[in-house]
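# Understanding the architecture of this molecule
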Amino acid sequence: MEADERRPSRQLAGLLAECLEIPPDQHETFITFARQEPYTSGVSFSTLTPPELQTPVPSIPQQLTYQAATGTLRGYQLLERIGEGRFGVVYRAVQLGVRREVAIKVVQPAYANQAEFIRRFEMEAQIVARLEHPHIVPLYDYWREASGAYLVMRWMRGGSLKDSLSNGPWSLADTALLINQVAGGLFVAHRQGVVHRDIKPANILLDEGGTAYLSDFGIAKDLTGEGQITQTGAALTSPSYSTPEQALEQPVTSQSDLYSLGIVIYELLTGQQPFTGSSLAAVIQKHINEPLPAVQSLRPDIPVAIDEVIQKATAKNPTDRYNDVLTLAEAFEAAVAGQSVLERDRSAIEVISLKEEITNPYRGLRPFQEADASVFFGRQALTKQLAAHLQ
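This structure is a prediction, so every number in the text was calculated from the model and none was measured. Residue numbering note: each chain is counted from 1, following its sequence as written. pLDDT decides what is reported in this predicted model: residues at 70 or higher carry local features, side-chain atom pairs at 80 or more are listed and counted, and totals for whole chains, interfaces and linings draw on all residues regardless. The side-chain figures draw on all heavy atoms in the structure; neither hydrogens nor water molecules are used.

## As for the layout of surface pockets
If you add up the space inside the largest pocket, you get close to 1000 Å³. Around the largest pocket sit 38 residues that line it, and V90, A202, N203, L205 and D216 are the ones nearest its centre. Secondary-structure elements contributing two or more residues to the lining of the largest pocket are strand 2 (76-84), strand 3 (88-95), strand 4 (100-107), helix 4 (115-130), strand 6 (148-154) and helix 5 (161-165). Of the residues that constitute the lining of the largest pocket, the class distribution is 16 nonpolar, ten polar and twelve charged. As defined here, a cavity is a set of points on a 1 Å grid over the protein atoms alone where a 1.4 Å probe fits but cannot get out. A pocket is an open set with protein on both sides within 12 Å along at least five of seven lines, and residues line them when an atom is within 4 Å of a point. Grid points are joined across faces, edges and corners, and a volume is the space filled by probe spheres set on the points. For the purposes of this entry, the term helix denotes a DSSP run of H or I that reaches at least four residues, the term strand denotes a run of E that reaches at least two, and both are numbered from the N terminus. Residue polarity is assigned by list, with Asp, Glu, Lys and Arg as charged and Ala, Val, Leu, Ile, Met, Phe, Trp, Tyr, Cys and Pro as nonpolar; anything else, Gly included, falls into the polar class.

Right, dumping it as structure tokens:
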């Protein structure tokens, strides 16, 4: 205590702020308030709390391991509810131990006790951990409890591509850059046998600098056969970005993601979705039977070559689409530059370098096993040390 024993010291006020789990960015305000004179006794804390500290606790499922009085969840301070999908709710939060903003995805209460949907969350965590890439939103933490499952991921301050499109269409140059970035992450997923199945503007997030990140692998299909979900992708994928093969419940391949990415390109350049209808069934029928409208009908300034790339990416037959997502990205950039793909140096495209085979020793959520010995860093040095002791 200081000379005036009625007032706590700054250190004591700071400790009190931590005990009360007041958000870190509000500590200084709390300390100033706590040390005001006179220090009135007999008044409740709620009465003394200044307006800027009276942050409402977000409404979240009662099943969660969550302290209702403080808005904390396993070491995370919940700040606000930022999104909701069919199976999960997303909150912006602060990881108190390291003062880091994060996004926490929580399984919806209706599915919290359904093994299939808890397994879906677990599968998403394993896939994202496995697909570590500069343009895939990274996973920080994952855990399961009897009441549900939780994913903790990087907080993307730039919002989603869907949010950005509310300001109107993108330029050709900006669209080409974003497609290159998304294609890089998507190619890594495809190379590891993962089909996203839900490529759409809402699942492409942006950081504060506008860099794009692929997110939400909640309904991804793992073609390697591990951790398959029984429910079909046709019932899950957003109808506005659904592929003909998903609508017809035919086999899904990496070319399915190319179709959806083609729809995203169309929307980036026009600010509109290509197909609308009086019902979801009508929209899906158009995806099955009708080619996309020409981009030039809404943007006469767009070169015809751009439309040719979009039409090939969204061909009704998957075999008529590009061989892989990087070839699509390359063709789009070539069209933007007004060049034929055959005239371009493939090495000039940033994402093409990602086709080089890269061995990633990271095993995601799995511990290292004996089979991983060949990629264990320091193995040779350790072997030499052991051999030296035996001599």
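That shown, we press on.
## Looking at helix 10 (residues 304-313)
I306, D307, V309, I310 and A313 are the residues of helix 10 that are buried. The buried residues of helix 10 occupy one face: seen down the axis, they fall within an arc of 155°. Structural note: helix 10 exposes V304 and E308 on the side pointing more than 90 degrees away from its buried face. When checking whether two residues touch, look at their non-hydrogen atoms; a contact exists if any pair is within 4.5 Å. On its buried face, helix 10 sits against helix 6 (172-191), helix 8 (254-270) and helix 11 (325-337). When a residue's accessible area, from a 1.4 Å probe over protein chains only, is under 20% of the maximum for its type it is buried; when over 50% it is exposed; and in between it is partly exposed. Each C-beta atom gives one direction from the helix axis, and the arc is the one those directions make.

## As for the packing of helix 6 against helix 8
Throughout, an axis means a line fitted to C-alpha atoms (over the contacting stretch in the case of helices), and angles, computed between N-to-C directions, take values from 0 to 180 degrees. Two numbers describe how helix 6 lies on helix 8: the axes approach to 11 Å, and their chain directions differ by 165°. In terms of orientation, helix 6 and helix 8 fall into the roughly antiparallel class. Here helix 6 runs over helix 8; the crossing is right-handed. Counting all contacts with helix 6, which are made through L172, T175, L178, I179, V182, L186 and H190, the residues of helix 8 involved are S254, D257, L258, L261, I265, L268 and L269. Broken down by class, the residue content of the contact of helix 6 with helix 8 amounts to ten nonpolar, three polar and one charged. Each angle is binned into one of four classes, with values under 35 degrees roughly parallel, values over 145 roughly antiparallel, values of 65 to 115 roughly perpendicular, and all other values oblique. Note: crossing handedness is left-handed where the near helix turns anticlockwise from the far helix by less than a right angle, and right-handed where it turns clockwise.

## Quick notes on unusual backbone geometry
With phi around 60°, D216 is a residue other than glycine that occupies positive phi space. When you line up the elements, D216 lands in the loop between strand 9 (212-214) and strand 10 (221-222). The exposure class assigned to D216 is partly exposed, which follows from its relative accessible area of 26%. For E249, which is not a glycine, the phi torsion comes out positive at approximately 55°. The topology assignment puts E249 in the loop between helix 7 (244-247) and helix 8.

## A closer look at helix 4
One less than the number of residues in a helix, times 1.5 Å, gives the span that helix is expected to have. In this model helix 4 runs 22 Å from its N-terminal to its C-terminal C-alpha over 16 residues, within 8% of the 22 Å that 1.5 Å per residue would give. Along helix 4, the positions that sit buried rather than exposed are F117, I118, R120, F121, E122, M123, E124, A125, I127, V128 and A129. For helix 4, the secondary structure elements touched by its buried residues are strand 3, strand 4, strand 5 (139-145), strand 6, strand 7 (194-195) and strand 10.

## What to know about the nonpolar core
We call a set of buried Ala, Val, Leu, Ile, Met, Phe, Trp, Tyr and Cys residues a nonpolar core when their side-chain atoms join them within 4.5 Å. With 67 residues, the main nonpolar core has L178, F217 and L269 as its most contacted residues. Once residues within four sequence positions are removed from consideration, F217 is found in contact with E124, I127, V128, L131, I136, A189, V194 and H196. Formed by twelve residues, the second largest nonpolar core is a distinct cluster that contains L73, Y76, L78 and V106.

## Focus on the sheet that holds strand 4
Across the sheet, six strands lie side by side as 1-2-3-4-6-5; this open sheet has antiparallel pairing. The open sheet is flanked by strand 1 (72-73) and strand 5, the only strands paired with a single partner. By the bridge criterion, six bridges tie strand 5 to strand 6 in an arrangement that is antiparallel. Directly across from Y142, in strand 6, lies its bridge partner L151. Seen against the sheet, helix 4 touches strand 3, strand 4, strand 5 and strand 6 and runs at an angle of roughly 155° to strand 5. Paired strands, in this sense, are two strands between which DSSP finds at least two bridges.

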